[in-house]
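Chain residues, written in single-letter form:
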Amino acid sequence: ELAYRVFKDYTKLFPGDENTEEAYYQAVSAKYKQTVRLRNECDTLESEKTIALCNKYLTHPSYQTHREDITDIKKTCENRLVNKEIYVFDTYLVQGKLASAKARLENFKETFVAKDPSLEPQALFLECKLARLERRPQDAQQIYSQLQQRHSSSPFSKMAMGQAKAAFA
């Protein structure tokens, strides 16, 4: 935290300095390292802050040196947020809290799939899983068919097939 603050303050105090880009990169790196602590596993705030810092770095046209690293850090943090949402969704399913799982799935679609369409197959798989547990076999089959049509090569398509079959069992 201290390293983050020092580097962040440097970028504010000396915005035109030749070392500002490096200081900003170090600030992002220090903030990113705060996201990997075990106790922060359930708290996504640090990842969200890191993503915001990455976005700010990436929108600065003269910052080029660490662009690839910053992009990787941003993608890692975004993946953590996605994985956290799916973990919570699955936890609700295991606990039998289907209404909560459904609400979490809708949030997942609005928050993540809307920004990243490549997550659609995963969202459809989760929807199929929910339909199976809600004892809606026709819906599970329909979602699986939709997944097959749109994303036949996705591994989530094969996983959804198992969910659709289990719904009829």
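Residues numbered from 1 in each chain as written. Predicted model: local features only at pLDDT ≥ 70, side-chain atom pairs only at ≥ 80, totals over all residues. Heavy atoms only, no water.

As for the confidence of the model for the chain
Counted only if it meets this: The quantity called pLDDT is the predictor's confidence in a given residue, expressed from 0 to 100. The secondary structure listing takes helices from DSSP runs of H or I that are at least 4 residues long and strands from runs of E that are at least 2 residues long, numbered from the N terminus.
Here the chain averages 92 in pLDDT, and 96% of its residues register 70 or above. Per-element mean pLDDT across the chain ranges from 87 in helix α8 (residues 155-168) up to 96 in helix α5 (residues 98-113).

What about the pattern of salt bridges?
The condition that has to hold: By convention in these notes, a salt bridge is any Lys or Arg side-chain nitrogen within 4 Å of a carboxyl oxygen on Asp or Glu. Burial here depends on accessible area, computed with a 1.4 Å probe over protein chains only, as a share of the maximum for the residue type. Under 20% is buried, over 50% is exposed, and the range in between is partly exposed.
The tally for this structure, following the rule as stated, stands at 12 salt bridges. Linking glutamate 46 and lysine 31 is a salt bridge whose minimum nitrogen-to-oxygen distance equals 3.0 Å. Taken together, the residues glutamate 46 in helix α3 (residues 45-59) and lysine 31 in helix α2 (residues 20-35) connect sequence positions 15 residues apart. Both residues of the pair, glutamate 46 and lysine 31, count as buried. A salt bridge links glutamate 78 to lysine 74; the shortest N-O distance between them is 3.9 Å. Taken together, the residues span about one helical turn, with glutamate 78 and lysine 74 both in helix α4 (residues 67-94) at a distance of four residues.

A closer look at the packing of aromatic side chains
Basically, it comes down to this: Paired rings are identified among Phe, Tyr and Trp, the last through its six-membered ring, by centres lying within 6.5 Å, and are further divided according to the angle between planes into stacked (under 30 degrees), edge-to-face (over 60) and tilted (the rest).
For the structure shown, the criterion picks out six aromatic pairs. On the numbers, 5.0 Å between centres and 45 degrees between planes, the contact of tyrosine 10 with phenylalanine 14 is tilted. Phenylalanine 14 sits in the partly exposed class, given a relative accessible area of 42%. The interplanar angle of 40 degrees and the centroid separation of 6.0 Å between the aromatic rings of phenylalanine 125 and phenylalanine 156 together place this pair among those described as tilted. Separated by 31 residues along the polypeptide, phenylalanine 125 in helix α6 (residues 120-133) and phenylalanine 156 in helix α8 bring together distant segments of the chain.

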